[in-house]
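Descriptive structure summary
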Amino acid sequence: MASSVTEIPAASPEDAAAHFARKLSLETDCWDVHESLKSGSPDFVLLDVRGPAAFAGGHVPGALNLPHGKITERRMAEWDDGTLFVVYCAGPHCNGADRAALRLARIGRPVKLMIGGVTGWIDEGFALESAI
């Protein structure tokens, strides 16, 4: 008798590889962002897409505050067209980063979501920076 795990067969290795490659093309995690920032020369721009008060209360060091509703083609013209943006919000309970990623993609900007957001950052044991 099959278990709940095996009653639906696993995808072929080829389908699994395509799925996970696609997923990783859209997401990154807090650890990888931390390691890139620690290197001193990240190859992306990290955007905290929460409101200014939340940002001031604690944000990932090195992040710029740009609320998702303020992401426009005109605002993003400050960066070269090929600039990769990594976006995050409060955490899994918040869809602000998804909204920001959608806005960036719709204006033709490369984007990845930092899964976990601030909650994930803290869960990894990383410190936030505060403006308060």
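Residues numbered from 1 in each chain as written. Predicted model: local features only at pLDDT ≥ 70, side-chain atom pairs only at ≥ 80, totals over all residues. Heavy atoms only, no water.

1. Side note on the packing of aromatic side chains
When we look at a pair of aromatic rings, we describe it by the centre distance and by the angle of the planes. Taken as a whole and judged by the stated rule, the model has three aromatic pairs. A centroid spacing of 5.6 Å and a plane angle of 35° characterise the contact between Trp31 and Phe126, whose relative ring orientation is tilted. Placement of Trp31 in helix H2 (residues 30-38) and of Phe126 in the segment after helix H6 (117-123) is noted, with a sequence separation of 95 residues between them. Consider the rings of Trp79 and Phe85, whose centres lie 5.3 Å apart with planes at 85°: the pair is edge-to-face. Under the relative-accessibility criterion, Trp79 is labelled buried at 14%. Linked through ring pairs, Trp31, Trp121 and Phe126 together constitute an aromatic cluster. (Phe/Tyr/Trp six-rings, centres within 6.5 Å; stacked < 30°, edge-to-face > 60°. Helix = DSSP H or I, 4+ residues; strand = E, 2+ residues; numbered from the N terminus. Buried < 20%, exposed > 50% of the residue type's maximum accessible area, 1.4 Å probe, protein only.)

2. Focus on the UniProt feature "domain: Rhodanese" (unreviewed entry) in the chain
In the numbering adopted here, UniProt assigns the feature "domain: Rhodanese" (unreviewed entry) to residues 40-130. Helix makes up 31% of residues 40-130 and strand 16%, with an end-to-end C-alpha separation of 20 Å. (UniProt positions renumbered as here; feature names shortened; annotations may be inferred.)

3. Regarding the pattern of salt bridges
One pass over the full model with this rule turns up four salt bridges. Lys38 serves as the salt-bridge partner of Glu35, at 3.4 Å between the closest nitrogen and oxygen. Placement of both Glu35 and Lys38 in helix H2 is noted, with a separation of three residues, approximately one turn of the helix. For Lys38, a relative accessible area of 57% puts it in the exposed group. For the salt bridge of Arg109 with Asp81, the shortest nitrogen-to-oxygen distance reads 3.9 Å. With Arg109 in the loop between helix H5 (96-106) and strand E5 (111-115) and Asp81 in the loop between helix H4 (73-76) and strand E4 (85-88), this pair connects stretches of sequence that are 28 residues apart. Classification of Arg109 by relative accessible area gives buried; the value is 8%. (Salt bridge = Lys/Arg side-chain N within 4 Å of Asp/Glu carboxyl O.)

4. Looking at the environment of His68
Positionally, His68 belongs in the loop between strand E3 (64-65) and H4. Remark: the alpha-carbon pair of His68 and Trp79, spanning eleven residues in sequence, is separated by 16 Å. Ignoring any residue separated from it by four or fewer positions in sequence, one finds His68 in contact with Val49, Gly96, Arg99, Ala100 and Arg103. (Contact = heavy atoms within 4.5 Å.)

5. Remarks on the pairing of E4
Sheet faces and side chains relate simply in a regular strand, where the side chains alternate between the two faces. Of the two faces of E4, the one lined by Phe85 and Val87 and the one lined by Val86 and Tyr88 are each fully buried. Pairing of strand E2 (residues 45-48) with E4, which is carried by four bridges, proceeds in the parallel orientation. Paired with Val45 across the two strands is Phe85, which belongs to E4. Once the chain exits E4 it traverses H5 before rejoining the sheet at E5, and the crossover so formed is right-handed. (Pairing = 2+ DSSP bridges. Right-handed = clockwise from strand over helix to strand, strands pointing away.)

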